[in-house]
Amino acid sequence: MKTWKLLTLVGGILLILLLLIAGGQPVGENVLEPGFDDNYVMETLRERWEDIVLATSIAGVIAIFLALRLVAERTRNEKALRESEERFRAVVDNSPTQIHIKDLEGRYILINREAEKLFGITDKEGRGKTSYDIFPKKMADSFTAHDRAVLETQQAIEEEEEFLLEEGVHTYLTVKFPIRDAAGDIAAIGAVGTDITKRKRAEAAHIEYLALHDSLTDLPNRFLFHDRLETAVAQSVRSGNMLGLLFLDLDDFKDVNDTLGHDAGDALLKAVAERLKSYLRESDTVGRHNTTLARIGGDEFTILLTNMAEPAGAATVAERIIDELSRPFSISGQEIQIGVCIGISIYPSHGSMAEDLLKKADLALYRSKAEGRNRYHFYSEEMETEIRARKDLERGLHKALAEDQFSLVYQPQMDTHSGAMVGMEALLRWDHPERGPISPVEFIPVAEATGAIVPIGEWVLRQACAQNKAWRDAGLPPFSVAVNLSAVQFRQDDLVATVDAAVRDAGLDPADLHLEITESVFMQERGREMLLDFRRRGIRISLDDFGTGYSSLSYLTRFPIDKIKLDRSFVRDIAHDTSSAAIIKAVVNLGHSLSMRVNVEGVETLEEMGILKSYGVDEIQGFYYSRPLSADAVPEFVAANIASSKHAAKSA
């Protein structure tokens with residue numbers, strides 16, 4: 001286009017020069033007047049020939065100059081375009097991403113080097129080909145569908161595309177987008193893909209890690225531990241080596257959650273895990289074993305010991321773990337002391353399958369927990385019988401309430417100094433239709449563990465309130481009836497309403513109800529508020545089994561307690577055990593200083609009664625005065641006690 005313009009310009013310049021020479025006049029005047037002829041023109045041309053030649057030469061020079069400039073400019077433009085294309089190609093080919101462009105028919109018109117590696121074809125070989133010419137049909141279908149989506153939406157799309165290379169499958173995050181011409185119409189489809197294989201593999205590894213590890217303690221979870229246990233068993237089958245499996249359960253962990261909250265409970269679990277890991281890593285006893293520590297749920301941990309020479313090695317580890325976890329933990333600025341129970345199973349003595357070893361370690365753990373804190377036991381066959389009996393007990397508990405198998409008996413609480421009866425404690429009894437009487441020591445823990453204690457406890461409360469009102473209506477003098485409340489009941493939001501309903505429905509004066517609680521209630525967040533609610537209603541509170549748990553003297557000042565009850569364990573051999581005597585004296589002094597009465601349970605002999613009286617104990621209960629009585633026998637006992645008290649008063 002520019003060339004024709006320049007040539008037209010040159011031609012115009014030549015024409016003007018010729019006219020100027022021919023006419024001898026300036027441009028713009030009429031040089032061809034009417035009447036001129038050819039002779040005149042020819043003469044003029046001859047006369048001006050030299051001028052014409054000169055003008056033509058000048059015009060030629062100008063034309064040549066312009067032509068040369070045109071050639072030079074075109075050369076520069078072509079060079080610049082070529083360099084630009086080379087730079088573009090260099091950028092595209094050196095890009096770590098795969099780049100390709102297709103026309104609207106799906107034919108490749110550009111493939112960079114990264115894409116050449118993926119496609120297995122060069123740019124030159126790929127031009128004009130479609131995805132179906134290069135890839136398997138399934139891949140080509142996928143790529144073509146993505147291209148179609150770009151054309152239909154006229155927007156960029158993002159897809160993950162997989163390519164099979166020598167080192168395995170690689171995943172590319174590919175962005176496909178429309179390429180538009182100067183008019184704004186889509187002329188091609190571009191694609192840029194980034195290799196995200198490492199990221200995908202890292203994500204997959206992280207997901208797998210999370211699936212096999214406990215998120216709180218970072219220990220292997222149940223699934224990974226089971227897999228490692230199966231692997232260890234298979235190796236032991238070949239090598240003949242012994243395995244030890246320890247099943248751990250923390251004591252009173254729920255009380256920590258209830259007292260300090262779940263954040264503190266989580267912090268304690270992490271601290272326990274760290275202490276166990278440290279012990280297993282540094283202990284000489286464990287050093288010769290390959291160990292796996294896992295958290296398999298809640299406050300339960302497992303430890304696998306391999307290459308054991310004898311079962312005693314597992315016992316040594318269990319003893320050390322009990323010692324390690326008995327040391328206090330500092331959580332949320334408070335010192336917390338917990339215990340641990342452990343069950344142990346041994347391969348091949350207790351089983352040749354992973355499931356068998358886990359089950360039998362769990363059975364051994366159950367035995368340890370039944371015996372108290374900080375215990376460990378090896379599995380034994382008799383434990384199977386115990387578990388079956390427990391299951392039977394659980395099933396029986398659900399039927400016992402509906403079939404009226406429960407009953408209450410009442411043990412008198414006697415004033416130590418006057419000998420007068422001051423109250424009764426309601427005690428639950430279960431008369432099983434097949435087994436006969438079942439001790440509360442056996443079935444109460446099961447009822448608490450299964451939650452059956454909640455409806456059973458409400459039944460006891462209602463029965464005791466109704467019976468006390470019936471005695472009052474029958475003419476017996478007023479006295480309180482004490483009812484034991486489980487810590488499990490204190491976790492129920494409606495406990496206060498339940499007690500209110502029992503007192504109201506019986507028509508009983510709230511002052512005639514005494515609730516006995518254990519120290520574990522102190523560990524619950526809402527325990528103090530509930531006890532204050534009871535006190536505002538006139539109901540009195542006794543702290544049962546004081547000194548057998550984790551007593552804190554600060555609780556006695558913060559909680560509304562009317563009476564402290566000491567367990568039978570402080571009475572045994574009181575005449576010769578100076579330590580027990582000192583404790584009883586201290587508790588009596590403490591209770592009296594806080595305006596609390598002190599009761600001692602399990603008093604059986606005159607000697608025990610005399611000693612406790614000399615220590616200032618306010619109340620006693622036990623076989624010395626009376627075994628637990630049926631409701632029908634209580635009026636006779638009360639009448640006899642009144643008569644005895646009057647006689648004693650006259651004698652005095």
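Our structure's up above, just so we're on the same page.
The residue numbers shown here count from 1 along each chain, following its written sequence. Owing to the predicted nature of the model, reporting of local features is limited to residues with pLDDT of at least 70; listing and counting of side-chain atom pairs is limited to 80 or more, with chain, interface and lining totals taken over all residues. As a rule here, side-chain values cover all heavy atoms of the structure and leave hydrogens and water aside.

Considering the overall build of the protein
For step 1, the next point in the chain: Labels follow the DSSP assignment, with helices taken as runs of H or I lasting at least four residues and strands as runs of E lasting at least two, numbered in each case from the N terminus. Along its length, the protein carries 23 helices and 21 strands.
For step 2, the next point in the chain: Out of the 652 residues in the protein, the part that is buried amounts to 43%.
For step 3, the next point in the chain: Whether two residues are in contact is decided by their heavy atoms, any of which lying within 4.5 Å being enough. Across the protein, the fraction of contacts at a sequence separation of at least 24, relative to all contacts at a separation of at least 6, is 61%.
For step 4, the next point in the chain: Here the protein displays about 34900 Å² of accessible surface, and carbon together with sulfur accounts for 53% of that area. Burial classes: relative accessible area under 20% of the type maximum marks a residue as buried, over 50% as exposed, and values in between as partly exposed (1.4 Å probe, protein chains only). Surface exposure here means Shrake-Rupley accessible area, sampled with a 1.4 Å probe, where a residue is shielded only by the protein chains that are shown.

A few points about the packing of aromatic side chains
For step 1, the next point in the chain: Stacked, tilted and edge-to-face are the three classes assigned to paired rings of Phe, Tyr and Trp, where Trp is represented by its six-membered ring and a pair needs centres within 6.5 Å; plane angles under 30 degrees give stacked, over 60 edge-to-face, the rest tilted. Counted by the stated rule, this structure contains 16 aromatic pairs.
For step 2, the next point in the chain: The interplanar angle of 35 degrees and the centroid separation of 6.2 Å between the aromatic rings of Phe 119 and Phe 163 together place this pair among those described as tilted. With Phe 119 in helix H4 (residues 113-119) and Phe 163 in strand S3 (residues 157-165), the pair connects residues that are 44 residues apart, well separated along the chain.
For step 3, the next point in the chain: Judged by centre distance (5.8 Å) and plane angle (50 degrees), the rings of Phe 406 and Trp 430 are tilted. Of this pair, Phe 406 sits in strand S13 (residues 406-415) while Trp 430 sits in strand S14 (residues 421-432), and the two are 24 residues apart along the sequence.
For step 4, the next point in the chain: Trp 430 gets classed as buried once you look at its relative accessible area, which sits at 2%.
For step 5, the next point in the chain: Chaining the aromatic ring pairs together yields one cluster made of Tyr 108, Phe 119, Phe 135, Phe 143, Phe 163 and Tyr 172.

Some thoughts on a negative patch on the surface
For step 1, the next point in the chain: Note that patches include only residues with greater than 30% relative accessible area and no salt bridge, and the join distances are 9 Å for like charges and 5 Å for nonpolar side chains (Val, Leu, Ile, Met, Phe, Trp, Tyr). When a carboxyl oxygen of Asp or Glu lies within 4 Å of a side-chain nitrogen of Lys or Arg, that pair is called a salt bridge. For this count, His and the chain ends are skipped, Lys and Arg are scored as positive, and Asp and Glu as negative. Taken as the charge centre is NZ of Lys, CZ of Arg, CG of Asp or CD of Glu, depending on the residue. Among the surface-exposed residues, Asp 227, Glu 230, Glu 355 and Asp 356 lie close enough to one another that they form a single negatively charged patch.
For step 2, the next point in the chain: Among the elements of the structure, helix H9 (222-239) and helix H14 (354-371) are those that each provide at least two residues to the negative patch.
For step 3, the next point in the chain: With respect to the helices and strands, the residue Glu 355 is situated in helix H14.

Considering the pattern of salt bridges
For step 1, the next point in the chain: For the structure shown, the criterion picks out 34 salt bridges.
For step 2, the next point in the chain: Here Glu 160 makes a salt bridge to Lys 200, at a shortest N to O gap of 3.2 Å. In this pair, Glu 160 sits in strand S3 while Lys 200 sits in helix H8 (residues 197-212), placing the two residues 40 residues apart along the sequence.
For step 3, the next point in the chain: Residue classification places Glu 160 among the partly exposed residues on the basis of a relative accessible area of 41%.
For step 4, the next point in the chain: For Lys 200, a relative accessible area of 29% translates into the label partly exposed.
For step 5, the next point in the chain: Between Arg 568 and Glu 608 there is a salt bridge; the shortest N-O distance is 3.4 Å.

Considering helix H16 (residues 440-450)
For step 1, the next point in the chain: Turning to H16, its buried residues are Phe 443, Val 446 and Ala 447. Projection of H16 onto a plane perpendicular to its axis shows the buried side chains occupying an angular sector of 100 degrees, all on one side. Looking at H16, the residues exposed on the side facing more than 90 degrees away from the buried face are Val 441 and Ala 449.
For step 2, the next point in the chain: On the buried face of H16, the contacting elements are helix H15 (382-400), S13, S14, strand S15 (436-438) and helix H17 (453-473).
For step 3, the next point in the chain: Pairs of N or O atoms within 3.5 Å make up the polar contacts considered here, provided that, within protein, one atom can donate a hydrogen while the other can accept it, and that residues adjacent in sequence are counted only when both atoms are side-chain atoms. N-cap assignment for H16: the residue whose side-chain oxygen lies 3.1 Å from the backbone N of Val 441 is Ser 439.
For step 4, the next point in the chain: Looking at the residues trailing H16, positive phi occurs at Gly 451, about 85 degrees. Our arc is simply the arc of the directions from the helix axis toward the C-beta atoms.

Focus: the sheet that holds strand S11 (residues 339-347)
Where strands meet in a sheet, backbone hydrogen bonds hold them as pairs that are either parallel or antiparallel.
For step 1, the next point in the chain: A strand pair is defined by DSSP finding two or more bridges across the two strands. Here five strands make up an open sheet; going across it, the order is S7-S8-S6-S11-S12 and the pairing mixed. Of all the strands in the sheet, just strand S7 (291-297) and strand S12 (376-378) have a single pairing partner and so form its edges. Looking at each pair of strands side by side, their axes are set apart by 20 degrees on average, direction ignored.
For step 2, the next point in the chain: Here three bridges tie S11 to S12, and the two strands are oriented parallel to one another. Counterpart to Ile 344 in the pairing with S12 is Phe 378.
For step 3, the next point in the chain: Angles here are taken between N-to-C directions and fall from 0 to 180 degrees, while the axes themselves are lines fitted to C-alpha atoms, restricted in helices to the stretch in contact. Together, strand S6 (242-251), S7, strand S8 (300-308) and S11 form the strand contacts of H9, whose direction differs from that of S8 by roughly 20 degrees.

With respect to the sheet that holds strand S4 (residues 168-180)
For step 1, the next point in the chain: Here five strands make up an open sheet; going across it, the order is S2-S1-S5-S4-S3 and the pairing antiparallel. Taken across any chain shown, the strands that pair with only one partner, and hence form the sheet edges, are strand S2 (108-111) and S3. The average undirected angle you get between the axes of adjacent strands in this sheet is 25 degrees.
For step 2, the next point in the chain: One ladder, built from three bridges, connects strand S1 (residues 98-103) with S2; its direction is antiparallel. Opposite Ile 101, over in S2, you have Leu 110 as the bridge partner.

A closer look at the environment of Glu 425
For step 1, the next point in the chain: Tracing the sequence through the fold places Glu 425 in strand S14.
For step 2, the next point in the chain: With a relative accessible area of 3%, Glu 425 lands in the buried category.
For step 3, the next point in the chain: Along the sequence, Glu 425 and Pro 412 sit 13 residues apart, while their C-alpha atoms lie 6.5 Å from each other.
For step 4, the next point in the chain: Setting aside its immediate chain neighbours within four residues, Glu 425 contacts Val 409, Tyr 410, Gln 411, Gln 413, Ala 482, Asn 484, Glu 516, Lys 565, Glu 601 and Gln 621.
For step 5, the next point in the chain: A distance of 3.0 Å separates polar atoms of two side chains, one belonging to Glu 425 and the other to Asn 484.

Quick look at the side chain of Thr 197
For step 1, the next point in the chain: Here Thr 197 shows up in helix H8.
For step 2, the next point in the chain: On the accessibility criterion, Thr 197 (5% relative accessible area) is buried.
For step 3, the next point in the chain: Thr 197 has contacts with Val 169, His 170 and Thr 171, leaving out every residue within four places of it along the chain.

Considerations on unusual backbone geometry
For step 1, the next point in the chain: Note the cis peptide between Tyr 347 and Pro 348, where omega equals 5 degrees.
For step 2, the next point in the chain: Here Pro 348 is to be found in the loop between S11 and H14.
For step 3, the next point in the chain: Phi is positive for Asn 374, which is not a glycine, with a value near 50 degrees.
For step 4, the next point in the chain: By secondary structure assignment, the location of Asn 374 is in the loop between H14 and S12.
For step 5, the next point in the chain: Although it is not a glycine, Asp 545 adopts a positive phi angle of roughly 55 degrees.
For step 6, the next point in the chain: Topologically, Asp 545 is positioned in strand S18 (residues 540-546).

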